[in-house]
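Commentary on secondary and tertiary structure
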Amino acid sequence: MFKNIDIFTDDPIISVVDEFNKDSRKNKINLSIGIYYDNNGNTPQLKTVGKAKTNLNKLPAIASLYLPIEGLYNYRLAIQKLLFGFNSKLIKEGRIVTVQSIGGSGALKLGADFLHHNFPNSEVWCSDPTWDNHISIFMRSGINVNYYPYFNIKNKEIKFTQLLKTFKKLPKKSIILMHSCCHNPTGSDLTQSQWDQITQVVKNRNLIPFIDVAYQGLANSMDKDVYAIRTMAKAGLPLFVSNSFSKIFGLYGDRIGGLSVVCENKSDYELVFGQLKTIIRSIYSSPPSNGAKIVEYILTNDILRNEWLNEVEFMRKRIFTIRKILFNNLKNILPNKNFNYLLKQYGMFSYTGFSPQQIKFLRDEFAIYIINTGRICISGINEYNIKQIINAFVAINN
Ligand code: LMR
């Protein structure tokens, strides 16, 4: 019955975690998956999440009922404020549709299904390289996937001129999938002036921008990291935004995120909202409640919200400090090599440019696991394992 079905091609990120877990070496180091680790190599529960859980548990016990198809109202509103700003005119005008989603991946899937159904001739353009799951999600929704130039592996710079040139030639209503901040996998982000230029091209060419934001607050700040989203929204562009709270709330297993769509007017809003509800109902009926209640509790309470902002800021600073320590050490040992990229990249990831052989060497000789594109997760580095990592980098670069 099943002999002709496709063979499972393992996931390039999750499979590395599986192999890491199977490795019995005591000194093994996991720099693969994008998870925040503290200096002890643990992923802590955020204090604000702990407080929210405690307080939610104090509420009178009730049955776990179905949420509305689109998710919790205040949770959805909180997402809009975080992404578009507290005083966003678009929120006041009721022009943003936001639905609760099963993580950021779920939001991408809802957006991709919506686009495939309503714009069947549109193809998507992803950055080269991009997060592997972007490609799978859009492909499995039936959308053709193409790539726009993004990153020069040799000099580790963004190929902005080529990117813009490509966008200027795209057919109308092409979908362009972009990373708001902490580009995954390169860590190389566009500047504000580059986003301004892209916004202009998107407008002139009538493209469909789709911005994915999974690391808001981990590059520069909660507001600066969504510059692209606010700029495109202000420019009056119809815009798709998928957001994830896995990393910035440490709610990886709760699978909690959202999809927002900026509409031109109220009647478009009703159409888009209705279609998204149709899609949700036909895939999983309605979303799970746990993660949304926690995030809603924190984001709608001024004190907890500020405490949470400080917790994200702490993660951001720790990641940047590791970058600096790694950079200083490598520069001292190998003064003729250029490690500036470590300081210029943002967020959890750094793109080393290591070849498949070098990646295998890291794993075999140093018990260090990184994914096959050469991306490393900076937050997996700590004061106890950094020496081993530096030795490995030096061995590769010598
Ligand atoms: C990553 O890129 O490592 C994370 O976003 C986790 C995942 O699901 O791939």
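Anyway, here's the lowdown on the structure attached to this text. (Residues numbered from 1 in each chain as written. Predicted model: local features only at pLDDT ≥ 70, side-chain atom pairs only at ≥ 80, totals over all residues. Heavy atoms only, no water.)

**Digging into the site of the ligand**
- Taken together, Ile13, Ile33, Gly34, Trp131, Asn184, Tyr215, Lys247, Phe349 and Arg375 make up the full set of residues near the ligand.
- In the complex, the protein chains occlude 81% of the 260 Å² of accessible area that the ligand would expose alone.
- Tallied by class, residues from the shell around the ligand come to five nonpolar, two polar and two charged. (Near = heavy atom within 4 Å. Areas by Shrake-Rupley, 256 points an atom, 1.4 Å probe, with all protein chains shown as cover. Nonpolar A, V, L, I, M, F, W, Y, C, P; charged D, E, K, R; others polar.)

**Things to note about the side chain of Asn385**
- Turning to its location among the elements, Asn385 is positioned in the loop between strand E13 (375-377) and helix H15 (386-397).
- We classify Asn385 as buried; its relative accessible area is 10%.
- Once residues within four sequence positions are removed from consideration, Asn385 is found in contact with Ile29 and Gly380. (Helix = DSSP H or I, 4+ residues; strand = E, 2+ residues; numbered from the N terminus. Buried < 20%, exposed > 50% of the residue type's maximum accessible area, 1.4 Å probe, protein only. Contact = heavy atoms within 4.5 Å.)

**What to know about the packing of aromatic side chains**
- Applying the stated criterion to the full structure yields 14 aromatic pairs.
- Ring centres 5.4 Å apart and planes at 85° place the aromatic pair Phe20 and Tyr369 in the edge-to-face group. Highlighted residues: Phe20 in helix H1 (residues 14-22) and Tyr369 in strand E12 (residues 368-369), separated in sequence by 349 residues. Across the pair, exposure class does not vary: Phe20 and Tyr369 are buried alike.
- Between the aromatic rings of Phe210 and Phe240, the centroid separation amounts to 5.5 Å while the plane-to-plane angle is 25°, which identifies the pairing as stacked. Linking Phe210 in strand E8 (residues 208-213) with Phe240 in strand E9 (residues 239-244), this pair joins segments that are 30 residues apart in sequence. Phe240 matches Phe210 in its accessibility class, with the two residues each being buried. (Phe/Tyr/Trp six-rings, centres within 6.5 Å; stacked < 30°, edge-to-face > 60°.)

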